[in-house]
Amino acid sequence: MAASINGVFPTTLQEKIKSSKLLVVGAGGIGCEILKNLVLSGFPYIEIIDLDTIDLSNLNRQFLFHREHVGKSKAQVARESALQFNPDVKIKAYHDSIIGTDYGVNFFQNFDVVLNALDNRAARNHVNRMCLNAHVPLIESGTAGYNGQVEMIKKGLTQCYECTPKATQKSFPGCTIRNTPSELIHCIVWAKHLFNQLFGETDDDEDISPDVADPEAQGESPNSHNDGGGAQASGDDVSQAGNVVRVNTRQWAKDNNYDPETLFNKFFNDDIKYLLSMSNLWKTRKPPRPIQWNNALLRQDKANCEHQFMRQYHKIWSLAECAAVFEDCLKKLRTNVENLVEGDFLVWDKDDQPAMDFVAACASVRAYIFEIARKSRFEVKSMAGNIIPAIATTNAITAGIVVLQTIKILLKDFNKCKSVYMRLRQNPRQQLLVPEKVLSTPNPNCYVCAAEPAIHLRVDTKRMRIKELRDEVLKKTINMINPDVLIDSKGVVVISSEEAETECNEEKFLNELDIVDGVILKCDDFFQNYELNIIIIHTDAERECPLFEVVANKDQLKPKEETVSNKKENMADGPSTSKKTRLNQTIEFSDDDDLCIVEEEDECVKGQTKDVCVQTSETEMVTKNTNMLRITLSNQDEPMPTVKRKTTVVDIIDDDVTEILDSDEELGPTKIKRIRVAEPQSNHGSENIINID
Ligand SMILES: Nc1ncnc2c1ncn2[C@@H]1O[C@H](COP(=O)(O)OP(=O)(O)OP(=O)(O)O)[C@@H](O)[C@H]1O
Ligand SMILES: [Zn+2]
């Protein structure tokens, strides 16, 4: 294809393309277009991942998929279809979520550029963080209707995906949803909650019954207003003593065999009557109109209606039609839920026909009851799924820009990769595609990409125990005294500075606590005001290999100076005597120290008792004596070296100089002068090694 034909691209670009490795995340509307563009352009190696299967509704814009592919893996089918355009490309497809533990920093480091074509924030955040940590440029893209956007994210150069806060999803007060809806969206939310109450994962925040605690309804006793014809809040019964007995909605529906008439009357008649009894609510509002299943209107309409209307998604269903859909969906959903294993539940999905129909019908009936303008099933779907309809042309243009940006990145023309916005109408300069004037610079306060200390820990997560992480890595190597450690994404504390609080974790291996490749650990040593993020890079270490390796910038491995100087102050405030004592020991650099980093002009006095003290050409110095550790000092702005499975050998060339002889892969400059100031101990052999990148 293009890159394989001489003369189509300039030679340099042609070469870059031919040796590139790309990852496409998402094989939906934009992802399919990107993949097609890439194979036609001659990119020779592409991996693509998508967790989903093909839905009928995807076919109008995801042109790598056809009717016969419905139900199959998007990534696999995208691969097969793209190969038909260009069989010479190597495409690896994963039917999986990119948020899975298999896709950590190691995985991302395999690629020259990562191309996002996702539709949700969680996955975008994940890829953003992985690319930042792996130092791989990311192209983020998205469309909404006729609007599109493409931006490059490169660590240290541009904003990351999380540099600017994103608008939160609009939410509504519970009492509006349950008691006083005034817009169709309120009825749609209520209907989705009803679906979950009956078939999905129940959530206390998704109650659909009248809310007697509504502040507006206070000062009255609803029961006294009840006309006696209706039950209480959904699923509740009134005992003989007049008390409301809470009954689980799903259990109540099961007990009633999901009988459509019983359920309909409960939700749309009895509960509405109950709401009416909360008269304070209706002083300034139009009261709702309860509807009974046997309502003459329903019966009359129902007799005439044909099931064909259910495919008429652009029509506003009549009440009778809604009732028919309600009946039909209840039957289907009931069967679906009964086929699940005990304890499992259905997950609402706008593309799941009975689930969507159920919500559309219920929302419509409720809107009728509250005299709210109703809409077609098509429009309800768009609102329920929070969707702005996707437009194939917007996706195609966006994907085109993504590939152009990829080319610029391969050419290292980063400054030309300004964000591009696609607009429906031309701007005053007659542009539909509007490029940003400058690269958007990183937000210095961004929680994710700011120059906050972060080091990489290469470790076999199946072999290292939590107590080794604490003692060997945090205390001996990183100079922490009494650290608290939590898993960033989950907020789970795995090591606590409070004695015994996390004792039960000590013998566990890192992977048993989900500390796996790509996980970020937030480490905080209160006594030193020393905070550090540790990015885990899993490596399958062979038995004879060092268990772990720290890759860090020299400035990161020490507490903030302010604290050292204020140590007395801190000690005065410190909560525990034992901790204060330990602080003293470290600041005094006791002979037990395993590692100290000495600044440029300092003499390597501390190193005299150590195994090795080396100095790089940049005058960094390290001393160490652990037999488990290799330390790589690196410039954080440089790409991470690829993971090395073989032990790097340091050979003594002469008394003053050591040279890294790397048997396998390149690790930056191969010859760096170091000053050896002490003879290494012989007992640990090749594990007493310091790599300097
Ligand atoms: N965590 C994830 N890992 C892998 N793929 C993901 C992940 N999250 C979302 N995706 C995929 O990203 C793609 C986004 O494509 P798109 O926005 O066109 O969505 P869609 O589901 O195909 O269409 P629509 O939402 O409009 O029905 C989808 O195919 C989706 O499965
Ligand atoms: Zn950021």
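In what follows, the structure referred to is the one given above.
Residues numbered from 1 in each chain as written. Chains lettered and ligands numbered in written order. Predicted model: local features only at pLDDT ≥ 70, side-chain atom pairs only at ≥ 80, totals over all residues.

Draft legend 1. A look at helix α16 (residues 466-477). Among the residues of α16, Ile 466, Leu 469, Arg 470, Glu 472, Val 473, Leu 474, Lys 476 and Thr 477 are the ones counted as buried. Where α16 ends, the next residue or the one after it, Asn 479, has phi of about 70°, a positive value. (Buried ≥ 20, exposed ≤ 12 C-beta atoms within 10 Å, placed from the backbone. Helix = DSSP H or I, 4+ residues; strand = E, 2+ residues; numbered from the N terminus.)

Draft legend 2. Layout of the pairing of strand β1 (residues 22-25). Burial along β1 is two-sided: Leu 22 and Val 24 and Leu 23 and Val 25, pointing in opposite directions, are all buried. Sheet analysis places β1 next to strand β4 (residues 113-116), joined by four bridges and oriented parallel. Pairing of Val 25 across the sheet is with Asn 116, part of β4. For β1 and strand β2 (residues 45-50), the ladder comprises four bridges, and the chain directions are parallel. If you follow Val 25 over to β2, its bridge partner there is Ile 49. Since β1 and β2 lie parallel, the crossover through helix α2 (residues 29-41) that links them has a hand, and here it is right-handed. (Pairing = 2+ DSSP bridges. Right-handed = clockwise from strand over helix to strand, strands pointing away.)

Draft legend 3. Local environment of the packing of helix α12 (residues 319-338) against helix α13 (residues 353-369). Between α12 and α13, whose axes approach to 8 Å, the crossing angle comes to 145°. Considering only the axes of α12 and α13, their crossing is left-handed. Facing α12, whose interface residues are Leu 319, Cys 322, Val 325, Phe 326, Cys 329, Lys 332 and Leu 333, α13 presents Pro 354, Asp 357, Phe 358, Ala 361, Cys 362, Ser 364, Val 365 and Tyr 368. Considering only residue class, the contact of α12 with α13 consists of 12 nonpolar, one polar and two charged. (Axes fitted to C-alpha atoms, helices over the stretch in contact; angles between N-to-C directions. Left-handed = near helix turned anticlockwise from the far one by under 90°. Contact = placed C-beta atoms within 7 Å. Nonpolar A, V, L, I, M, F, W, Y, C, P; charged D, E, K, R; others polar.)

Draft legend 4. Local environment of the site of ligand 1. Close contacts around ligand 1 come from 22 residues, with Gly 26, Gly 28, Gly 29, Asp 52 and Asp 119 the closest. Among the elements of the structure, α2 and β2 are those that each provide at least two residues to the shell around ligand 1. In terms of residue class, the shell around ligand 1 is built from nine nonpolar, eight polar and five charged. (Near = placed C-beta within 6 Å.)

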